[in-house]
Amino acid sequence: MVEIRFVGPDDRDALFELRARAFGPLRGELRERVLPMVERDLADQRVLGGYDGARLVASGRFLPMDQWWHGCAVPTGGVASVYVAPDERGRGIGARLAAALIELVGARGRPLSALYPATVPVYRRAGYEHGGAEYWTTFRAEALRGLGGGAAGDVKIRQVGPDDAAEVVAVLRAVHAAAGDSGPLDRGEPFVRWTLEHPDLFAYLADDGFVAYHWSDDLSELIVERAVAGSAETARALWALVGSGSSTAEFVRARVAPYDPVLWLLRDHTDARIHRSSWMLRVVDAQAAIAARGFPAAASVQASLVVDDPLCPGNAGGWRLIVAGGRGRLERDAAAAERPGVVRLTARGLAAVYAGVPPSTLGRAGLIDGGGGTDIAALAAAFAASPYMLDDF
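Computed from a predicted structure; not experimentally measured.

The rules behind these values
- Residues numbered from 1 in each chain as written.
- Predicted model: local features only at pLDDT ≥ 70, side-chain atom pairs only at ≥ 80, totals over all residues.
- Heavy atoms only, no water.
- 1 Å grid on protein atoms, 1.4 Å probe; cavity = no way out; pocket = protein on both sides within 12 Å on 5 of 7 lines; lining within 4 Å.
- Points joined across faces, edges and corners; volume = space filled by probe spheres on them.
- Helix = DSSP H or I, 4+ residues; strand = E, 2+ residues; numbered from the N terminus.
- Axes fitted to C-alpha atoms, helices over the stretch in contact; angles between N-to-C directions.
- Parallel < 35°, antiparallel > 145°, perpendicular 65-115°, else oblique.
- Left-handed = near helix turned anticlockwise from the far one by under 90°.
- Contact = heavy atoms within 4.5 Å.
- Nonpolar A, V, L, I, M, F, W, Y, C, P; charged D, E, K, R; others polar.
- Buried < 20%, exposed > 50% of the residue type's maximum accessible area, 1.4 Å probe, protein only.
- Pairing = 2+ DSSP bridges.
- Salt bridge = Lys/Arg side-chain N within 4 Å of Asp/Glu carboxyl O.
- Expected span 1.5 Å × (residues − 1).
- Phe/Tyr/Trp six-rings, centres within 6.5 Å; stacked < 30°, edge-to-face > 60°.

## What about empty space enclosed by the protein?
- One pass over the full model with this rule turns up one cavity of 30 Å³ or more.
- Lining of the largest cavity is provided by I290, L305, L321, L330, L345, L350, V353, L379 and F383.
- Of all the elements in the fold, those that place two or more residues in the lining of the largest cavity are helix 11 (347–354) and helix 13 (373–383).

In structure tokens, the structure reads:
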């Protein structure tokens, strides 16, 4: 019988060996770069392993982070580095590990969990559902260069490095909060410092914006990892800075929001091809997740809900959702289940509603049942969002 328990520092090499068998090895410089992070996670008991006796046959990692939801940062547990040895697959170890990671996320006081799935069915069985995506698109460098000039030329920009991590984090937080963004991650100052230590990354900061990019491996294009701006002038200035490499790179490939201002700043981007990679969301503590989330200031709604969530029983049962003044709360409502036509949600349905998926869509997918027109409309108005991430993990 496989036992799920914390992976200790003494099993560091076994963890890397398991990773090599499951997804391929980390070699040379990349292994050395991630090694301090892995050792920190082991020391902080954020890595769970599946052990067959003394042999490590599966593992998964919990990453503490915040995720922005309508301009509010919600404590979130990222699930990553989930490995199962090839000879142990198909025995249900992955499902047990997912359940244990959800329990760990909740025990560490984080009401949401997010992940990029290598296999969707396992995580759906654990109550995760598609919440948003990571979007990549390609621009002509010369078109970006043309965004400069005018007021953009007055924006003060300076190159930044690891010692500027705190200031970078402050600017990113201010922009996401003011914009009411949903989906971007806040992984904190230590992670940003680690990112800015990469010798091949070029990063620049303005009073209300930040951009970080690097050359592709074959030096044929520039890769923008993150570009965030709080005003049109700053957006023009930052993108024009990247586009200034047009004499060498014809194209710029960028991770962007689905409604990134650059798509409206460019004179013509009708030929855009956007690559979309889905990530999944799980509500671990429904009351805390609703209390921490932001909502549209104009939304004033109430709705009765009944949630079915065997893995997180604290979420299950009848609720009254109340949203007003940009904030929300869930109150226990024991009588909700007896009301005709009450909205009934699975754990997956609750996650998808939280992420802004239209309830009418979820009803046709079987993740929501019942509900009068008023309650369904209330959920749609309260949770409307177009979530995206500017990170992968």
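Structure's up, so let's keep going.
## Thoughts on the packing of helix 1 (residues 12–23) against helix 2 (residues 28–43)
- Between helix 1 and helix 2, whose axes approach to 11 Å, the crossing angle comes to 120 degrees. Compared by their axis directions, helix 1 and helix 2 come out oblique. Between helix 1 and helix 2 lies a crossing whose hand is right-handed. Together, R12, D13, L15 and F16 of helix 1 and R31, V34, L35, V38, E39 and L42 of helix 2 make up the contact between the two elements.
- Split into classes, the residues belonging to the contact of helix 1 with helix 2 amount to six nonpolar, no polar and four charged.

## A few points about unusual backbone geometry
- One non-glycine residue, H70, lies in positive phi territory at about 50 degrees.
- Of note, H70 is situated in the loop between strand 3 (55–69) and strand 4 (72–84).
- Here H70 falls in the partly exposed class, since its relative accessible area comes to 27%.
- Even without being a glycine, S81 presents a positive backbone phi close to 50 degrees.
- With respect to the helices, strands and loops of the structure, S81 is situated in strand 4.

## A short note on the sheet that holds strand 15 (residues 317–324)
- What the five strands build is an open sheet, ordered 16-15-14-17-18; its pairing is mixed. On the outer flanks of this sheet lie strand 16 (327–332) and strand 18 (368–369), each paired with one strand and no other.
- Taken strand by strand, helix 11 contacts strand 14 (301–308), strand 17 (343–346) and strand 18, and its axis lies near 100 degrees from that of strand 17.
- Most of the contacts of helix 13 go to strand 14, to which it runs at about 100 degrees, and overall it touches strand 14, strand 15, strand 17 and strand 18.

## Quick notes on the side chain of S59
- The residue S59 is located in strand 3 in this model.
- Excluding residues within four positions of it along the chain, S59 makes contact with L15, L18, L48, G49, S81, V82, Y83 and L97.

## Some thoughts on the pattern of salt bridges
- Per the stated rule, a full pass over the model turns up 30 salt bridges.
- Residue E3 is joined to R5 by a salt bridge in which the shortest nitrogen-to-oxygen separation is 2.9 Å.
- R5 sits in the partly exposed class, given a relative accessible area of 30%.

## A short note on helix 8 (residues 232–243)
- Its twelve residues place the ends of helix 8 16 Å apart at the C-alpha level, agreeing with the 16 Å of an ideal helix rising 1.5 Å per residue.
- Counted residue by residue, helix 8 has nine buried out of twelve residues, so it is predominantly covered.
- Taken residue by residue, helix 8 has T234, A235, A237, L238, W239, A240, L241, V242 and G243 as its buried positions.

## Some remarks on the packing of aromatic side chains
- A full pass over the atoms with the stated rule returns twelve aromatic pairs.
- When the ring of Y123 is compared with that of Y128, the centres are 5.8 Å apart and the planes differ by 85 degrees; the resulting orientation is edge-to-face. No difference in accessibility class separates Y123 from Y128, as the two residues are buried.
- Judged by centre distance (5.5 Å) and plane angle (65 degrees), the rings of F139 and W239 are edge-to-face. You can see F139 sitting in strand 6 (residues 129–140) and its partner W239 sitting in helix 8, a full 100 residues away along the chain. When sorted by exposure, F139 lands in the same class as W239, which is buried.

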